[in-house]
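Chain by chain, the residues:
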Amino acid sequence: MKQLQLLLLVLVILLLGSVTMAQDEIVVTWWTEDYIDIEQINAALVEPFNAANPGIRLEITPTTELNNTLRTALAAGEAPDILQTPGASFIAEFLRSGLILDLADVADQMGWEEKLLPWAYQSGVIEGGLYSIPLTYESMVLLYNKTVFDENGWAVPTTLAELEAIAEEAVAIGINPLTYGNVGWQPTNEHLVGIYLNNYAGPENVYQALIGEKSWTDPEFAGAIELLRTHIADNGWFGGSLETYFAYGWDEFWAELASGEAAMMMIGTWGFRGANEFFGETGMEWDWAPLPVLSELAGEYNYELATGSTLSVNASSDHPEAVITVLDWIMNNKEVVLNVASGYGYGEFMVPLVYTSDDFPADADPRIVRFFADFAQVTGEGRVGYTTWTFWPADPNVQLWEAVEQVWFGDLGVEDYLAEHQALWDAARESGVTLPIPAR
Amino acid sequence: MTNSAQLAHHPSRNQLLENLGRWAFVLPVLLINLVVVVIPSVVGLGAAFTDWTGYGTPNFIGLENFQRLLSDGVFFKALQNNLLWTALFLTAPIAVGLLGAYLLSSIKTGQMIFRIAYFIPYVIASVVNTQIWRQLLHPRVGIGAWLADYGITFLDFPIFGTRSTALYAVAFVDAWHFWGFLVVIYLAAMSAVDTELYEVARLDGATRLQQFRFVTLPSIRPTLVFSILMIIIWSSTTFDYVYMLTSGGPANSSELMSTYLYINAFNRFDAGYAASIGMMMSIWVGLAVSGFVYLRRRGWEI
C-alpha cells in the first residue's frame, strides 16, 4: 500500500512538472482562413519555426467565417495574437477601435522596410505608424486558354482594338470571349470595375482621384465605366449575357474557360490556383498575359497592387515580443514562405518579400515565376495600378460593386453612379477613414 | 374561513418548496432566454440609435439612422420584396400543403413513405438544397438547357441571374423545401378530425370538395391559423436561401431586408444602420402579431 502511494505521488509530481514545463512555453495563436491545408502549413512553416525558436510555440488554426469569428472574439477579448484580416479597410477599423499594435519602431530595428517590397511596406503605414504586414500580394492579369488561341491563330491582345477584334472572332465561332460571374461572392464585381478604371482611365488618373486631387465624376472614369457596361451588358462578352454573369460562380466560369467554351478571363493572380486545377482536368493549356491597355490614357501596361490578407498584432496580446518574433522570422525566411505558397500555385501566402527567379524552386511553374519576375520589374519602374479592396475605404468600396449592377442593367446612369461614389469618398475623407496610398 | 383561504394567507412550507421546485425547472431556460434572446435584442435595438461599426465603442446619434432609412431606395425595394415574398408564401405553399395533406389522409398503405419523402427537403440543410437547385436550374447544364434540346425553351435562360425571375426562383426553392413541413402539420391536424363528421356530411350528399370545405377546413382552423402566423413571421426574417442563391442580386431584384441588413453590418461596417433595419423587421412582425391578437379579441374564432 505504501508503495502504491509512493508511485501515485511520483506520477502526480511528474504530471505537475510537465504541465509547468508546458506553461513555460509561450504560445502564439494565429487564426487563418479555412481553405488552407493545415498539414502542409504545419510541416512547412509551424514546425520549422518552433524548432528554430525554442520557448515559443506557434499555433495556426483554420477558422470558418474568419472575419465574423474574429469580430466576436475581439469583442469578447478572446481574439488570437495574430489578427489576419482580408485587407486594408478592416485595418482602418481595427485601428480606430484601438485593437492593433503600432509596429513602426520594431520594424525600424529589424529592418522590415528593406525586406518587403516598398509599396507593400507602405500599405501598412497609417499616419506614421506601421499596423499591418501583407500576408499575400496579388495583381490582376488576363488568363487565357492557350489551346484555343493557338488553334485560331490569335495573338495575346495588348490594346482595346486587339481585344475587341478577338472578341468578335470568338463570338463568330460560337465561344464566349470572356467568362466570369459573381455567384458566391457578390463583391467580385469590383474586380472588373477596378480593371477598367485602371486600364482605361489609367493609373495616374486613378491615383489623383484616390488622393482627392481629381473627381470620380471626371470623363476618364465615366468612359471606363461606360466601356465595361458596353462589354458586359450590351455585348454580353462575359459568359454570353449579363444574366449569365449573375448565374455563374467559380466552378462555372473556370469550367467554361478550361473546356475551351470561353477564350479569356480577367482575374486576379489567385486564379493561378484555379487554372492549374481546372486545366489539369481538361488537358488544355493555359497561360497569362498583362491586361490589355484599354485607352491611350493608360500608357504602358501596369500591374494593379493588391494585398490579399494582412497580419496585425493584437493589442491585448500578453506576449507581443513573441508575436513579433514570428513575423520577423517569416520575413527572414523566403524559402519557407515560397514552400507554403507553392501549395496554392503561389496564389496565396505570397508575402511580398523581394524575390528573384532564383528564389523559386526548380519545379515551380515557369508561367508563375515569369509573373513574379515581371511584376517586380514593372512595379519597380512605378507602373502600378490600384485595386479597389486595397485602397478604397469601406463605404465607397461597397457602393462601387453594389450599385454597378444597376448601371449594367441600365437602371442607374453612369454619371449618377460616379456622383454617388464621389459623395461617399468625400464623406470618408471627412471622417478620416481613408487608407494609405503609396506615393507615385 | 375556508381551507384554501387559509392556505392563501399562510402558505405552508410544502407550498413554498413546491413553488421553488417550479421555478427551479423554469429558471435555466429563462436564463438562457434572457442571455441569448432578450439582452441581445435590447442591445440590438439600442444599437439602432448609434453609429456603431461592429468594433469599438458606439456613439449615440439619435434618429439619424431612421432618417437615412426613410430615403433609402434599396431598403424600400427590400421591403417590397419581403411583402411579395409573404404574399407568395401565404398562397402557393399553403394551397399545395392542404391539397397534399388531404390527398395523403385518404391513403392507408404507404402513407408513411410519402410523409417521409415530402419531409426530407425540410430537414436537409439549406446549403445543400441551394446547391442542388443551382445545378438543376443551371443555364448550361440544368433542366432548362436539357428541355431546350427537345424544343421546350421557356426555361432555357439564367433563372437566378435574370432580374424578373430571380426572386420568384429563390421563393420557389424555399417553398419546395418548406411545403413538406406544412403537409406534415396539416396531416396531423386532419387525422384528428372526427370521422363521424365525414359520415354525416356524406349522408347529407356532400361531394369530396364540399366535405373538404365544410368539414376539414373548419376543423383544422387552429393549425391553419398557426401556419399563417408563422409564415408571416418567418417571411420577415428569411435569409439563407436568398443569400446563397443570389445574394440579393442581380441589382437588388431579390434583395430582402435581411440580406440588406447583412451587407450593411458586415461589408459596410455600419452595424448601427443594420440594427435600424432589424428594428423595422421587428416592427413588421409586431404588427402582424398584434393584428392577430386584435382579431381574436374582436371575437374572431381564430
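Bear in mind the structure is a predicted one, so any value in this text is a computation, not a measurement.

Analysis parameters
Residues numbered from 1 in each chain as written. Chains lettered and ligands numbered in written order. Predicted model: local features only at pLDDT ≥ 70, side-chain atom pairs only at ≥ 80, totals over all residues. Helix = DSSP H or I, 4+ residues; strand = E, 2+ residues; numbered from the N terminus. Buried ≥ 20, exposed ≤ 12 C-beta atoms within 10 Å, placed from the backbone. Contact = placed C-beta atoms within 7 Å. Pairing = 2+ DSSP bridges. Core = buried A, V, L, I, M, F, W, Y, C linked by C-beta atoms within 7 Å. Domains from an automatic or database assignment. Nonpolar A, V, L, I, M, F, W, Y, C, P; charged D, E, K, R; others polar. Expected span 1.5 Å × (residues − 1). Arc of directions from axis to C-beta. Axes fitted to C-alpha atoms, helices over the stretch in contact; angles between N-to-C directions.

Description of the overall build of chain B
Then, number 1: Counting its regular elements, chain B contains 14 helices and 0 strands.
Then, number 2: If one aligns the C-alpha atoms of chain B with their principal axes, the spans along those axes are about 85 × 70 × 35 Å.
Then, number 3: Looking at chain B as a whole, 31% of its 302 residues are labelled buried.
Then, number 4: Sequence separation of 24 or more characterises 64% of the internal contacts of chain B that already satisfy a separation of 6 or more.

Some words on the sheet that holds strand β14 (residues 384-386) of chain A
Residue and element names in this part refer to chain A.
Then, number 1: Strand order in this open sheet of 3 strands is β7-β12-β14, and the pairing throughout is mixed. With one partner strand each, in any of the chains shown, β7 (137-138) and β14 form the two edges of the open sheet.
Then, number 2: The sheet contact formed by strand β12 (residues 303-307) and β14 spans 3 bridges and is parallel. Pairing of Tyr 303 across the sheet is with Val 384, part of β14.

Brief notes about the pairing of strand β8 (residues 140-145) of chain A
All names here are of chain A.
Then, number 1: Burial within β8 is extensive, with 6 of its 6 residues counted as buried.
Then, number 2: Of the two faces of β8, both are covered, the one formed by Met 140, Leu 142 and Tyr 144 as well as the one formed by Val 141, Leu 143 and Asn 145.
Then, number 3: In this sheet, strand β10 (residues 262-268) lies alongside β8 in antiparallel orientation, the contact comprising 5 bridges. Within β10, the position partnered with Met 140 by the bridge is Gly 268.
Then, number 4: Pairing geometry for β8 and strand β11 (residues 286-289), over 4 bridges, is antiparallel. Of the residues in β11, the one forming a bridge with Asn 145 is Trp 286.

Regarding the nonpolar core
Then, number 1: Membership of the largest hydrophobic core comes to 183 residues, with the highest contact counts inside it found for Leu 143, Tyr 180, Tyr 196, Met 265 and Met 266 of chain A together with Tyr 186 of chain B.
Then, number 2: Here the element with the most residues in this core is helix α8 (residues 163-190) of chain B; it accounts for 14 residues.
Then, number 3: Leave out the neighbours within four places in its chain, and Met 266 of chain A touches Met 140, Leu 142, Leu 178, Tyr 180, Leu 192, Ile 195 and Leu 291 of chain A.

Notes on the domain arrangement of chain A
Residue and element names in this part refer to chain A.
Then, number 1: According to the domain assignment, chain A consists of domain 1 (26-136 + 309-354) and domain 2 (138-305 + 384-431).
Then, number 2: For domain 1 and domain 2, the distance between their C-alpha centroids amounts to 30 Å.
Then, number 3: In this complex, domain 1 contributes 12 residues to the contact, which on the side of domain 2 involves 14 residues.
Then, number 4: By residue number, the principal contributor to the side of domain 1 that touches domain 2 is helix α4 (residues 88-96), which donates 3 residues.
Then, number 5: Across the side of domain 1 that touches domain 2, the residue classes tally to 5 nonpolar, 6 polar and 1 charged.

Some points on the pairing of β10 of chain A
Residue and element names in this part refer to chain A.
Then, number 1: Of all 7 residues making up β10, 7 are buried, and the element is well covered by its neighbours.
Then, number 2: Where strand β9 (residues 176-178) meets β10, 2 bridges bridge the pair, whose relative direction is parallel. In the strand pairing of β10, Leu 178 is matched with Met 264.

With respect to helix α15 (residues 271-282) of chain A
Residues and elements named next belong to chain A.
Then, number 1: For α15, built from 12 residues, the straight-helix expectation of 16 Å at 1.5 Å per residue is met to within 8% by its first-to-last C-alpha distance of 16 Å.
Then, number 2: Within the span of α15, buried status applies to Gly 271, Phe 272, Gly 274, Ala 275, Phe 278 and Phe 279. In a view along the axis of α15, the buried residues occupy a sector of 150 degrees, so they form one face of it. Among the exposed residues of α15, those pointing more than 90 degrees away from its buried face are Glu 277, Gly 280 and Glu 281.
Then, number 3: Each element contacted by the buried residues of α15 is listed here: β8, α14 (250-258), β10, β11 and α18 (366-380).
Then, number 4: Directly beyond the C-terminal end of α15, a positive phi value near 80 degrees is found at Gly 283.

Things to note about the environment of Ile 283 of chain B
Residue and element names in this part refer to chain B.
Then, number 1: Relative to the helices and strands, Ile 283 resides in helix α14 (residues 271-297).
Then, number 2: Residue classification places Ile 283 among the exposed residues on the basis of 11 C-beta atoms within 10 Å.
Then, number 3: Note: C-alpha distance between Ile 283 and Ser 236 (47 residues apart in sequence) is 9.9 Å.

Quick notes on the sheet that holds β10 of chain A
Residue and element names in this part refer to chain A.
Then, number 1: Ordered by their spatial adjacency, 4 strands build an open sheet running β9-β10-β8-β11, and the pairing between neighbours is mixed. Strands at the two margins of the open sheet, each flanked by one partner only, are β9 and β11. On average, adjacent strands in this sheet sit at an angle of 25 degrees to one another, irrespective of strand direction.
Then, number 2: Along the sheet, helix α9 (residues 160-172) contacts β9 and β10; its crossing angle with β9, the most-contacted strand, is approximately 150 degrees.
Then, number 3: In this fold helix α10 (residues 189-201) packs onto β8 and β10, with an angle of close to 90 degrees to the strand it touches most, β10.

Overview of unusual backbone geometry
Then, number 1: Pro 250 of chain B follows Gly 249 of chain B through a cis peptide bond whose omega is -15 degrees.
Then, number 2: Along the polypeptide, Pro 250 of chain B turns up in the loop between α12 (240-245) and α13 (257-266).
Then, number 3: Of note, the phi angle at Tyr 346 of chain A is positive, near 55 degrees, even though the residue is not glycine.
Then, number 4: Within the secondary structure, Tyr 346 of chain A is located in the loop between α17 (334-342) and α18.

Let's talk about the domain arrangement of chain B
Reports of interface size often rely on the accessible area that becomes lost once the parts have come together.
Then, number 1: When the domains of chain B are assigned, the result is domain 1 (3-40) and domain 2 (64-297).
Then, number 2: When each unit is reduced to the centre of its C-alpha atoms, the spacing between domain 1 of chain B and domain 2 of chain B is 39 Å.

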